[in-house]
Amino acid sequence: MSRIIGIDFGLSKVGVAISDPLGVISMPLKVIRYKNQEDLIKSIKKITIEKRVEILVIGYPLNMNFKENEMTKIIDKFKTTMEKNGFTIYLEDERLSSEYAKKIMIQQDIKTGKNKEMVDILAASIILQTYLDRKK
């Protein structure tokens, strides 16, 4: 079985997590900083080739009332672009994933303000784990 990547999408950086080969556990992987979408796509393609990934799970930032917002429109366009690049894409509700990531860091006595990239990576891992658990 191929691995799955989870993405916590941001406008200048993206948190990335990856599943184990069996698709059971999500693990934080890295943060991708990018200047334009082409750079981001190249970086994601490189990871998918190295790790043998075919599926991407992208956090979908709905409002608390389940309504779409400006960021969901950006994610919709990104999803379409990634599908055109041959990826299977699933969207996963990401509401509160960053807050949950911060809570985990606080419990571990890790400062959240100086470790924003760690928040992004953990949020990606939470998004992916939510997808994996729901998929079972």
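Structure: see above.
As the structure is a computational prediction, the values presented were derived from the model and not from experiment.

Topic: the overall build of the chain
Next up, step 1: From N to C terminus, the chain includes four helices and five strands.
Next up, step 2: Residues counted as buried form 43% of the 136 residues belonging to the chain.
Next up, step 3: Considering only contacts within the chain whose residues lie at least 6 apart along the sequence, 58% involve residues at least 24 apart.
Next up, step 4: Element-wise, carbon and sulfur atoms account for 52% of the exposed surface of the chain, whose accessible area totals about 8,000 Å².

Some remarks on unusual backbone geometry
Next up, step 1: Here the phi dihedral of Arg52 falls at roughly 55 degrees; this positive angle occurs in a residue that is not glycine.
Next up, step 2: Residue placement: Arg52 occurs in the loop between α1 (37-51) and β4 (53-60).

Focus: the pairing of strand β1 (residues 3-8)
Next up, step 1: Burial of β1 is extensive: five of the six residues sit out of reach of the surface.
Next up, step 2: Inspection of the sheet shows β1 paired to β4 by five bridges, in the parallel sense. Residue pairing for β4: Gly6 is matched across the bridge by Val57.
Next up, step 3: Relative to strand β2 (residues 13-19), β1 runs antiparallel, the two being bridged by four bridges.

What to know about the side chain of Asp20
Next up, step 1: Here Asp20 is to be found in the loop between β2 and β3 (26-33).
Next up, step 2: Among buried Asp, Glu, Lys and Arg side chains, Asp20 stands out as unpaired, with Arg3 the closest opposite charge at 7.1 Å.
Next up, step 3: The contact partners of Asp20, leaving out residues within four places of it in the chain, are Arg3, Ile25 and Met27.

Topic: the environment of Ile47
Next up, step 1: Checked against the element boundaries, Ile47 lands in helix α1.
Next up, step 2: Ile47 sits 29 residues away from Ile18 along the chain, and the two C-alpha atoms are 9.8 Å apart.
Next up, step 3: Aside from chain neighbours lying at most four places away, what touches Ile47 is Ile5, Leu29, Lys30, Ile32 and Arg52.

Overview of the nonpolar core
Next up, step 1: If you look at the biggest cluster of nonpolar residues, it comprises 23 residues, and the most contacted ones within it are Ile5, Ile7, Phe9, Leu40, Ile44, Leu56 and Met82.
Next up, step 2: Residue assignment for this core shows that the elements contributing at least two residues are β1, β2, α1, β4 and α2 (70-84).
Next up, step 3: If you look at the next biggest cluster of nonpolar residues, it comprises eight residues, including Ile4, Val57, Ala124 and Ile127.

Thresholds, definitions, all that
Residues numbered from 1 in each chain as written. Predicted model: local features only at pLDDT ≥ 70, side-chain atom pairs only at ≥ 80, totals over all residues. Heavy atoms only, no water. Helix = DSSP H or I, 4+ residues; strand = E, 2+ residues; numbered from the N terminus. Buried < 20%, exposed > 50% of the residue type's maximum accessible area, 1.4 Å probe, protein only. Contact = heavy atoms within 4.5 Å. Areas by Shrake-Rupley, 256 points an atom, 1.4 Å probe, with all protein chains shown as cover. Pairing = 2+ DSSP bridges. Lys, Arg positive; Asp, Glu negative; His and termini not counted. Salt bridge = Lys/Arg side-chain N within 4 Å of Asp/Glu carboxyl O. Core = buried A, V, L, I, M, F, W, Y, C linked by side-chain atoms within 4.5 Å.

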